[in-house]
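Per-entry structural report
Each chain is listed here by its residues.
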Number of protein chains: 2
Amino acid sequence: MENSLNKVISLVREVRDYPKEGIIFKDITPVLQDPKAFSTAIDSLADALTPIDFDYIAGIEARGFIIGSALAYRTGKGFIPIRKKGKLPYTTISREYALEYGNAAIEIHADAVRKGSRIVIVDDLLATGGSAKAASELVTEAGGDVKCLIFLIELEFLKGRERLSSNNIISLIKY
Amino acid sequence: MENSLNKVISLVREVRDYPKEGIIFKDITPVLQDPKAFSTAIDSLADALTPIDFDYIAGIEARGFIIGSALAYRTGKGFIPIRKKGKLPYTTISREYALEYGNAAIEIHADAVRKGSRIVIVDDLLATGGSAKAASELVTEAGGDVKCLIFLIELEFLKGRERLSSNNIISLIKY
């Protein structure tokens, strides 16, 4: 698995000045596209969740859908989408969070989380932790118990981990 | 499998007047949330693809990511995201398509499709076929060979199938 994870790491592409000047964006699309790397990434995330008892995977739109859905299938759990504002059709609860410029809001269906459900929140990448924190608060507000937050990639220098109150934060690849 | 698919069908929720008055929206989130229904849906889609030789699953943002990613994992293929304009970090090619009011555009990474790659395009639902048609043209323009378009749900009364040039269009649940 160690060697295969190196293959995953080698396929993460750095794109300079995206989404704006000075940022080096970690592009995971070459990982997704490679069948071996993609399945290794999902299997490794599933392995990391083995010690955790949980009921649902909640994925954050949109790249968190790609990682989260395959991970839910692999672990035999249900999948709950956390979406951008206005994208879920039924009754929602929502939470705003700060971006570098302005605010964004994410939503979850009000009936998506049964009281006490044990939830793992998934996204592709942990940066400053803004959206992960909002997702975590949203799940908690909906009555869920956030057991873990898991990411394919963590940008450690942005210290997003420190903003999250969960004491169970997992990432496969750290920069 | 027949009986399990009935469970999937029973979990599709009808939401009235979303996204606008007069529309009855088919909400698949209760299907995704139910571990058994979710895995049955993915397994059934994978079974339907058994006779088709293909290399990649291309999923259309955003619900097509949820279905497509799990399906790519299940079938052991790579996953290619087709995204809304401006969301892919690397060099893209894009295609506009008409919505009821105005236009939308979707994009694919220019290097995502090797010449002659055999692609299956996935979305949750086939309605009028606008985005599926644009996705299909985009993959073809990128050099890919669209082997099949597959959907969890097809709204047959909207005749989206007739707009698509592919002769291989699969849907699991028809209304």
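One can find the structure itself at the top, above this paragraph.
Attention in this report is confined to the structure presented alongside it. Given the structure is predicted, the values throughout are model-derived calculations rather than measurements.

1. Let's talk about unusual backbone geometry
All names here are of chain A.
- With an omega of -5°, the peptide bond running from Tyr18 to Pro19 counts as cis.
- You can see Pro19 is positioned in the loop between strand E1 (13–16) and strand E2 (24–27).
- Look at the link from Glu61 to Ala62: it is a cis peptide, with omega at -5°.
- Turning to its location among the elements, Ala62 is positioned in the loop between strand E3 (56–60) and helix H4 (63–75).
- The residue Asp17 is not glycine, and still its phi comes out positive at about 60°.
- Within the secondary structure, Asp17 is located in the loop between E1 and E2.
- Even without being glycine, Lys159 reaches a positive phi, approximately 55°.
- Judged by relative accessible area, which is 48%, Lys159 ranks as partly exposed.

2. So, the side chain of Thr29 of chain B
- Take Thr29 of chain B: it is sitting in helix H2 (residues 29–33).
- In this structure the side chain of Thr29 of chain B is engaged in a polar contact, spanning 3.1 Å, whose partner is the side chain of His109 of chain A.
- For Thr29 of chain B, the residues in contact, after removing those within four places along its chain, are Pro81, Leu88 and His109 of chain A together with Arg13 of chain B.

3. Some details on the relation of the copies chain A and chain B
- With an axial shift of 0.0 Å and an RMSD of 0.0 Å, the rotation relating chain A to chain B amounts to 180°. Here the two chains are linked by the operation of a two-fold rotation axis. Identified as the residue of chain A closest to the rotation axis by C-alpha distance is Ala70 of chain A, at 2.0 Å.
- An overlap of 100% is found between the interface residues of chain A and their copies at the interface of chain B, pointing to a shared contact surface.

4. A short note on the environment of Lys7 of chain B
All names here are of chain B.
- Within the secondary structure layout, Lys7 lies in helix H1 (residues 2–11).
- Spatially, the C-alpha atom of Lys7 lies 31 Å from that of Val146, the residues being 139 residues apart in sequence.
- In this structure Lys7 touches Asp34 and Ala37, once residues within four positions along its chain are discounted.

5. Details of the sheet that holds strand E6 (residues 103–109) of chain B
Residues and elements named next belong to chain B.
- Spatial strand order, E5-E6-E4-E3-E7-E8-E9: 7 strands in an open sheet with mixed pairing. Pairing within the sheet leaves two strands with one partner each, and these edge strands are strand E5 (92–98) and strand E9 (169–174). Going from strand to strand, the sheet's axes swing by 25° on average, the running direction of each strand aside.
- Of the strand pairs in this sheet, strand E4 (residues 78–84) and E6 are connected by 2 bridges, and their pairing is antiparallel. Bridge assignment links Lys84 to a residue of E6, and that residue is Ile106.

6. Comments concerning the packing of aromatic side chains
- Taken as a whole and assessed by the stated rule, the structure comprises 4 aromatic pairs over all chains.
- Relative to Phe79 of chain A, the ring of Phe65 of chain A lies with its centre 5.9 Å away and its plane at 90°, an arrangement referred to as edge-to-face. With Phe65 of chain A in helix H4 and Phe79 of chain A in strand E4 (residues 78–84), the pair connects residues that are 14 residues apart, well separated along the chain. Of the two residues, Phe65 of chain A and Phe79 of chain A, both sit in the buried class.
- Arranged with centres 5.0 Å apart and planes meeting at 80°, the rings of Tyr18 of chain B and Phe25 of chain B form a pair that is edge-to-face.
- Classification of Tyr18 of chain B as buried rests on a relative accessible area of 17%.
- Here Arg13 of chain A stacks its cationic end above the ring of Tyr90 of chain B, 3.6 Å away from the centre of that ring.

7. Describing helix H5 (residues 130–141) of chain B
- The end-to-end C-alpha distance of H5 of chain B, which contains 12 residues, comes to 16 Å, matching closely the 16 Å that a straight helix rising 1.5 Å per residue would cover.
- Gly143 of chain B sits one or two residues past H5 of chain B and shows a positive phi near 105°.

8. What about a positive patch on the surface?
- A contiguous patch of positive charge on the surface is contributed by Lys84 and Lys87 of chain A together with Lys84 and Lys87 of chain B.
- Relative to the helices and strands, Lys84 of chain B is located in strand E4.
- The class of Lys84 of chain B is partly exposed, set by a relative accessible area of 34%.

9. Some words on the packing of H4 of chain A against helix H4 (residues 63–75) of chain B
- Where H4 of chain A contacts H4 of chain B, the two axes come as close as 8 Å, and the packing angle between them is 50°. Between H4 of chain A and H4 of chain B, the crossing angle belongs to the class labelled oblique. The way H4 of chain A lies across H4 of chain B gives a crossing that is right-handed. Along its contact with H4 of chain A, which presents Phe65, Ile66, Ser69, Ala70, Tyr73 and Arg74 of chain A, the element H4 of chain B presents Phe65, Ile66, Ser69, Ala70, Tyr73 and Arg74 of chain B.
- For the contact of H4 of chain A with H4 of chain B, a count of residues per class yields 8 nonpolar, 2 polar and 2 charged.

The rules we used
- For every chain, the first residue of the written sequence is number 1, and numbering continues from 1 onward in sequence order.
- Whichever chain is written first becomes A and whichever ligand is written first becomes 1, with later ones labelled in order.
- For a predicted model such as this one, the threshold for reporting local features is a pLDDT of at least 70, and the threshold for listing and counting side-chain atom pairs is 80 or more; totals across whole chains, interfaces and linings nevertheless cover every residue.
- Hydrogen atoms and water are omitted, and side-chain values are computed over all heavy atoms in the structure.
- Secondary structure follows DSSP: runs of H or I at least 4 residues long count as helices, runs of E at least 2 residues long count as strands, and numbering of each begins at the N terminus.
- Burial classes: relative accessible area under 20% of the type maximum marks a residue as buried, over 50% as exposed, and values in between as partly exposed (1.4 Å probe, protein chains only).
- Nitrogen and oxygen atoms within 3.5 Å of one another constitute a polar contact, given that in protein one can donate a hydrogen and the other can accept it, and given that sequence-neighbouring residues count only through two side-chain atoms.
- Whether two residues are in contact is decided by their heavy atoms, any of which lying within 4.5 Å being enough.
- Here the copies are matched by least squares. The fit uses the C-alpha atoms of residues with pLDDT of at least 70 in both.
- Strands were regarded as paired on the criterion that DSSP finds at least two bridges between them.
- In this description, a line fitted to the C-alpha atoms serves as the axis of each element, helices being fitted only across the stretch in contact, and the angle between N-to-C directions of two axes falls anywhere from 0 to 180 degrees.
- Stacked, tilted and edge-to-face are the three classes applied to pairs of Phe, Tyr and Trp rings, where Trp contributes its six-membered ring and a pair requires centres within 6.5 Å; stacked means planes under 30 degrees apart, edge-to-face means over 60, and tilted covers the rest.
- For a ring to carry a charge above it, either NZ of a lysine or CZ of an arginine must fall within 6 Å of the ring centroid while also lying within 35 degrees of the normal to the ring plane.
- Here, expected helix span is obtained from the residue count minus one, scaled by 1.5 Å.
- In this analysis, a patch consists of residues with relative accessible area above 30% that form no salt bridge, clustered at 9 Å for like charges and at 5 Å for the nonpolar side chains Val, Leu, Ile, Met, Phe, Trp and Tyr.
- Residue-level accessible areas treat just the shown protein chains as cover; the underlying method is Shrake-Rupley with a 1.4 Å probe.
- One side-chain nitrogen of Lys or Arg within 4 Å of one carboxyl oxygen of Asp or Glu is enough to make a salt bridge.
- Charge counting follows a simple rule: Lys and Arg are positive, Asp and Glu are negative, and His as well as the terminal groups are ignored.
- Charge placement uses NZ in Lys and CZ in Arg. For Asp and Glu, CG and CD serve respectively.
- Oblique is the label for any angle not covered by the other classes, which are roughly parallel (under 35 degrees), roughly antiparallel (over 145) and roughly perpendicular (65 to 115).
- In this scheme, a crossing is called left-handed if the near helix is turned counterclockwise away from the far one by less than a right angle; it is called right-handed if the turn is clockwise.
- Classification used: nonpolar for Ala, Val, Leu, Ile, Met, Phe, Trp, Tyr, Cys and Pro, charged for Asp, Glu, Lys and Arg, polar for all others including Gly.

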